[in-house]
Amino acid sequence: MANIPHIELNDGRLIPQLGYGVFKVPAEETERAVSEALEVGYRHIDTAAIYGNERGVGAAIAASGIARDELFITTKLWNDRHDGDQPDAAVSESLDKLGLDAVDLYLVHWPTPAKDNFVHAWEKMIGIRDRGLARSIGVSNHLVEHLEKIVAATDVVPAVNQIELHPAYQQRDITAWAQSHGTVIESWGPLGQGKYDLFDAAPVVAAAEATGKSPAQVVLRWHLQKGYVVFPKSVRRARLEENIDLFDVELTAEQMAAIDAMDPGDGSGRVGAHPTELN
Ligand code: NAD
C-alpha cells in the first residue's frame, strides 16, 4: 500500500497529501467508488454537501472497518447556508449523512462575495471547530481579498484554501498569500477536469517519457512536489490505482520548472467558475 506523506496544518493537525475527491460521483455509485478507493489505499476523502453523495461516503466508511483516526474526511458548507445559524444546521446535517461525530476538515465552499456574508460564515466555522464538530477549518475558492477580510475580522487563518489549480492555472497571488500565512493549498481540478489538454503538453510528455509514468501521474507528482494537497477523481479502479502510484519517482528541478512555465499567465487556463461570479 502506498505510503502517503502528511502535511502539518497551522493548527498542528496532519492531512494526507493525496486523497480521493467525489465531485460528480453519482450518489448511487459513491459507496462502491469510495469503498474501492479505501481498498486501493486512499484514506483521505473530499466531499461536499452540494455533491449530494455524503451518505454514500458515510456508508463506505462504515462498511470499511477502518479505524476513524486513520481516515481524513472533508466536507463543505454550501453557498445558501452562510447566514444566521444556518452553518450550524448544515454541519449537523452533513455529519448525520456521513455517520460521523466530527469531520477532519470543514470548508466554506465559495465566498459568494455579492452576498457579503463570508465573514459571518467564517465566524460560524470557528464556533463549529470550537465545539469539536470539525477538527480543522478552512475555505475554498477564496481570493486574497476574501482571505484578508476574514483574517482581519477574526485573527483565525484558514488551515487550507481549496482552489482550482493545475499547471495551466496556477493562481500565484493566492499561493503566495498561503505560503506567507501558513495556509495549505489544496488543488481542485488538479488534472484540469479533463477540459484542458494538459496531457499532450510538451513538458508533461517529456517528463512522462523520462520517468516512465503516465502524463496524469506526472501532473499529480508536480502538485505533490509543489507542496499542494491533491485528490483526483475517477470512478475507475485502474485510475484509482494509477493516481496513487506516485511515490517511486521524483521530478527533477528542470522538469518541475518546465511544467511551472505552462501557465499562460492571463487566466485563460481556468476551467471552473470564478469566485466573484458564483453567488
Ligand atoms: P480532476 O482534475 O481530478 O479531473 C477528474 C477527471 O480527470 C475525471 O473525470 C477523469 O475523467 C480524469 N482522470 C482522472 N484520473 C485520470 C488518469 N489517471 N488519467 C486520465 N484521466 C484521468 O477534477 P475534479 O474531479 O473536478 O477535481 C478533483 C476533486 O476536487 C473533486 O472530486 C472534488 O473533490 C474537488 N473539487 C472541489 C471544487 C471546489 O469548488 N472546492 C470544485 C471542483 C472539484
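Everything below is about the structure shown above.
Let us look at the structure shown here. (Residues numbered from 1 in each chain as written. Predicted model: local features only at pLDDT ≥ 70, side-chain atom pairs only at ≥ 80, totals over all residues. Heavy atoms only, no water.)

With that settled, the discussion passes to the overall build of the chain. Looking only at helices and strands, one finds 10 helices and 10 strands in the chain. For a compact globule of 279 residues, the expected C-alpha radius of gyration is about 19 Å, and the chain comes in at 18 Å, within 12% of that figure. C-alpha atoms of the chain, sized along the principal axes, occupy 55 × 45 × 30 Å. The buried share of the chain, taken over its 279 residues, is 55%. The contacts in the chain between residues at least 6 apart in sequence include a share of 74% that link residues at least 24 apart. Between the averaged position of the 25 positive side-chain charges in the chain and that of its 41 negative side-chain charges there is a distance of 3 Å. (Helix = DSSP H or I, 4+ residues; strand = E, 2+ residues; numbered from the N terminus. Rg over C-alpha atoms; globule rule 2.2 N^0.38 Å. Buried < 20%, exposed > 50% of the residue type's maximum accessible area, 1.4 Å probe, protein only. Contact = heavy atoms within 4.5 Å. Lys, Arg positive; Asp, Glu negative; His and termini not counted. Charge placed at Lys NZ, Arg CZ, Asp CG, Glu CD.)

This brings us to the site of the ligand. In the vicinity of the ligand there are 24 residues, among which D46, S140, L191, Q193 and N243 approach most closely. Measuring from an oxygen atom of the ligand, one finds a side-chain N or O atom of D46 at 2.7 Å. Between the ligand and P190 there is a distance of 3.2 Å, counted from an oxygen atom to a backbone nitrogen or oxygen. Considered on its own, the ligand offers 830 Å² of accessible surface; in the complex 89% of this is hidden by protein. (Near = heavy atom within 4 Å. Polar contact = N/O pair within 3.5 Å; in protein donor to acceptor, adjacent residues only side chain to side chain. Areas by Shrake-Rupley, 256 points an atom, 1.4 Å probe, with all protein chains shown as cover.)

Across the sheet, 8 strands lie side by side as β3-β4-β5-β6-β7-β8-β9-β10; this open sheet has parallel pairing. Taken across any chain shown, the strands that pair with only one partner, and hence form the sheet edges, are β3 (20–21) and β10 (229–230). Both strand β5 (residues 72–77) and strand β6 (residues 103–108) contribute to a ladder of 4 bridges, which runs parallel. Looking at the pairing, K76 lines up with L107 of β6. Along the sheet, helix α4 (residues 118–130) makes contact with β5, β6 and β7 (134–140), crossing β7 at roughly 165 degrees. (Pairing = 2+ DSSP bridges. Axes fitted to C-alpha atoms, helices over the stretch in contact; angles between N-to-C directions.)

This next bit is on the packing of aromatic side chains. Here the structure, examined in full by the defined rule, presents 4 aromatic pairs. Consider the rings of Y20 and Y42, whose centres lie 5.9 Å apart with planes at 50 degrees: the pair is tilted. With Y20 in strand β3 and Y42 in the loop between α1 (27–40) and β4 (44–46), this residue pair connects regions lying 22 residues apart in the sequence. Given the relative accessible area of 0%, Y42 is considered buried. Here the aromatic rings of W110 and W188 are separated by 6.4 Å at their centres, their planes lie at 65 degrees, and the arrangement is edge-to-face. (Phe/Tyr/Trp six-rings, centres within 6.5 Å; stacked < 30°, edge-to-face > 60°.)

So yeah, pure geometry; function would need other evidence.
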